[in-house]
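Close look at the chain arrangement
These are the residues of each chain, in order.
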Amino acid sequence: MPIASPEIYNEMLDRAKAGKFAYPAINVTSTQTLHAALRGFAEAESDGIVQISTGGAEFLGGQYKKDMVTGAVGLAELAHVVAGKYPVNIALHTDHCPKDKLDGYVRPLLKISQERVTKGQNPLFQSHMWDGSAETLADNLDIAQELLAEAVKAKIILEVEITPTGGEEDGVTHEINDKLYTTVDDALRTAEALGLGDKGRYLLAASFGNVHGVYKPGNVVLRPELLRDLQDGVGAKYGKQDPFFFVFHGGSGSTEQEIRTALENGVVKMNLDTDTQYAFTRPIADHMFRNYDGVLKVDGEVGNKKTYDPRSWGKLAEAGMAERVTKACADLRSTGTKLK
């Protein structure tokens, strides 16, 4: 199947919310991690989301120029070519983009998709994220309104983060404290500014104690039941049951019960990066340790080309990451739910 059309992506999200499951959103930084994500979704028979952060896009742009737009466009174009070989629908998404990077990342990408749509094509990406969590909520929502209007022109869904996620993501850091919990008032202000679908579709990354990365038990207190308060508080005012489509950030290392509660309360997308990074790197480290004398020309020897050929350890890395993606699908109950 090809990269999801806007119509298919909308159907994916609607089915997830109705079925109380969510799609893993897998960060990729290379063609190989892209294939690992696609393979994992295919093996789980789950549609899914592949996403590129600003740091990932900069890395993909090459270390000579480090151009984020080039990196994101290059991998997205490849995904449009290779995804057809996998029997699942895949949506392409750009992850966290703070205010100082909008002009160098999301806004140019929106223009590219607008031009494609004008020509009768599908957008290059299916959704983009605006991370205004470092701004005041008023400024955050002002920018979100502008971006949502531009996204509508490109048939793209906007993801907004209205309050902070703790930890560090591509250089943006938030402390782990009480600010990591979205209030009903925050959600009401969001609905007033962005509507509930009437001004354009958006996904909401609300905070319920989320932290990027993996921490030891006790360091992070997740309260996914908070999402029910947000749904009910806004729903009561607007006469609309469960109005939000939520995103679970900082999902790596979450417990099964935390994930289940989040799914019951409207989460349709959960980001995974830290766990899949480790799943990709761990087999490489194992290969290097097991084949030390082969991958290095130790003491003047010639080594073993079969062990330092990137394909030898790259295949192991792809398999390891793909396995972690299939586990994520099982955790989020998306296994076997692919659109026919």
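What counts as what
- Residues numbered from 1 in each chain as written.
- Predicted model: local features only at pLDDT ≥ 70, side-chain atom pairs only at ≥ 80, totals over all residues.
- Heavy atoms only, no water.
- Helix = DSSP H or I, 4+ residues; strand = E, 2+ residues; numbered from the N terminus.
- Buried < 20%, exposed > 50% of the residue type's maximum accessible area, 1.4 Å probe, protein only.
- Pairing = 2+ DSSP bridges.
- Right-handed = clockwise from strand over helix to strand, strands pointing away.
- Axes fitted to C-alpha atoms, helices over the stretch in contact; angles between N-to-C directions.
- Left-handed = near helix turned anticlockwise from the far one by under 90°.
- Contact = heavy atoms within 4.5 Å.
- Nonpolar A, V, L, I, M, F, W, Y, C, P; charged D, E, K, R; others polar.
- Core = buried A, V, L, I, M, F, W, Y, C linked by side-chain atoms within 4.5 Å.
- Expected span 1.5 Å × (residues − 1).

1. Let's talk about unusual backbone geometry
In this structure, Asp242 is a non-glycine residue whose phi angle is positive, near 45°. One can find Asp242 in the loop between α8 (226–238) and β9 (246–248). Positive phi, normally seen in glycine, also occurs at Asp299, with a value near 50°. Relative to the assigned elements, Asp299 resides in the loop between α11 (292–295) and α12 (305–308).

2. Regarding the pairing of strand β5 (residues 157–161)
Most of β5 is tucked away, with five of its five residues classed as buried. Where strand β4 (residues 127–131) and β5 come together, five bridges link them in parallel fashion. Among the inter-strand pairings, Met129 is bridged to a residue of β5, identified as Glu159. The parallel pair β4 and β5, bridged by helix α6 (residues 137–153), forms a crossover whose chirality is right-handed. In terms of strand pairing, β5 meets strand β8 (residues 202–205) through four bridges, oriented parallel. Residue pairing in the sheet places Glu159 in a bridge with Leu203 of β8.

3. Topic: the packing of helix α10 (residues 274–290) against helix α13 (residues 310–331)
Contact pair α10 / α13: the axes reach a minimum separation of 8 Å and the direction vectors enclose 145°. The two elements α10 and α13 cross, and the hand of that crossing is right-handed. Facing α10, whose interface residues are Asp275, Thr276, Ala279, Phe280, Pro283, Ile284, His287 and Met288, α13 presents Ser312, Trp313, Leu316, Ala317, Glu318, Gly320, Met321, Arg324 and Val325. Across the contact of α10 with α13, the residue classes tally to 10 nonpolar, four polar and three charged.

4. Some details on the nonpolar core
One finds Val50, Tyr105, Val160 and Phe244 to be the most contacted residues of the largest nonpolar core, which totals 82 residues. Ranked by residue count, the leading element in this core is helix α4 (residues 68–82), at eight residues. Residues in contact with Val50, not counting those within four places in the same chain, are Ile26, Val28, Leu34, Ala37, Leu38, Phe41, Ile90, Ala91, Leu92 and His93. With 17 residues, the next largest nonpolar core counts Ala25, Leu203, Phe245 and Leu339 among its residues.

5. Thoughts on α13
In this model α13 runs 31 Å from its N-terminal to its C-terminal C-alpha over 22 residues, within 8% of the 32 Å that 1.5 Å per residue would give. When we look at burial in α13, the residues that qualify are Gly314, Ala317, Glu318, Gly320, Met321, Ala322, Arg324, Val325, Thr326, Ala328 and Cys329. On its buried face, α13 is in contact with β1 (23–27), α2 (31–44), β10 (267–272) and α10. Once α13 ends, the next one or two residues include Arg333, with phi positive near 65°.

Function cannot be read off these values alone, since they describe shape.
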